[in-house]
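# Per-entry structural report
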Amino acid sequence: MNDDERKFLYWQTRYPDKEARKKIRRETIFVVSVITICLALLFIVWHGGSVRALVDTCQPNCQLPTLKKYSYLLVSGVLGGALFGLKYLYKVVARGYWNQDRAIWRYTSPLLSGGLALASGALTDAGVFGFATSYASGGSSYVALGFIVGYFADSASRKLQEVAETLFGHPAVKPRKN
């Protein structure tokens, strides 16, 4: 199905500028690298060896299950944000809407997604959302929560804003001066 509004057999790039194509390739490599690293990190956390060594260095305060669940949240949140970023990147490139002004969003959104996933997981564990995740399933509930929050980071951010306003009240809105 053609969803990028191209004519039949029109295959040339919409980006004749070499610098633009170079930046698109750089962004693609970055996002694919983040995805690959996240998948490797999820395996490392699941395996537990490196995580256990980290816990051993900070005993007696560190606990392996706690470190693993928050690692799952952070890494799967970054993964969700990066996958959303990759989907966004190929769609805007194919449709001719790529622009370099959005580069900062494409580079930083996986980090924002990971942070939101970590915070959402902590809020969930604290009972703020009225539901709980379970470590009994081997961490999959934390990976699922982190991924969903990361992939839908914009919606998660809006929901956290609602929670903050419920808990702390609405910020005072000052009238604009002309």
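Heads up: the structure comes first, above all this text.
Right, let's walk through the structure included here. (Residues numbered from 1 in each chain as written. Predicted model: local features only at pLDDT ≥ 70, side-chain atom pairs only at ≥ 80, totals over all residues. Heavy atoms only, no water.)

Check the secondary structure of the protein and you find six helices and zero strands. Each of the 178 residues in the protein was classed as buried or not, and the buried ones make up 31%. Counted over contacts in the protein with a minimum sequence separation of 6, partners at least 24 positions apart contribute 70%. Accessible area for the protein stands at about 11,700 Å²; split by element, carbon and sulfur atoms hold 64% of it. (Helix = DSSP H or I, 4+ residues; strand = E, 2+ residues; numbered from the N terminus. Buried < 20%, exposed > 50% of the residue type's maximum accessible area, 1.4 Å probe, protein only. Contact = heavy atoms within 4.5 Å. Areas by Shrake-Rupley, 256 points an atom, 1.4 Å probe, with all protein chains shown as cover.)

Before going further, it helps to spend a moment on the side chain of Ser120. Within the secondary structure layout, Ser120 lies in helix H4 (residues 103-125). By relative accessible area, which is 4% here, Ser120 ends up buried. Not counting residues up to four positions away in its chain, the partners in contact with Ser120 are Phe129, Leu145, Val149 and Leu160.

Contact geometry of helix H3 (residues 64-95) with H4 gives a least axis separation of 7 Å together with a crossing angle of 145°. Between H3 and H4 lies a crossing of right-handed hand. Contacts between H3 and H4 pair Lys69, Tyr70, Leu73, Leu74, Gly77, Val78, Gly81, Ala82, Phe84, Gly85, Tyr88 and Leu89 from the former with Trp105, Arg106, Ser109, Pro110, Ser113, Gly114, Gly115, Ala117, Leu118, Gly121, Ala122 and Asp125 from the latter. When the residues that make up the contact of H3 with H4 are grouped by side-chain class, the tally is 13 nonpolar, eight polar and three charged. (Axes fitted to C-alpha atoms, helices over the stretch in contact; angles between N-to-C directions. Left-handed = near helix turned anticlockwise from the far one by under 90°. Nonpolar A, V, L, I, M, F, W, Y, C, P; charged D, E, K, R; others polar.)

Such coordinate-based values are descriptive only and should not be taken to indicate function.
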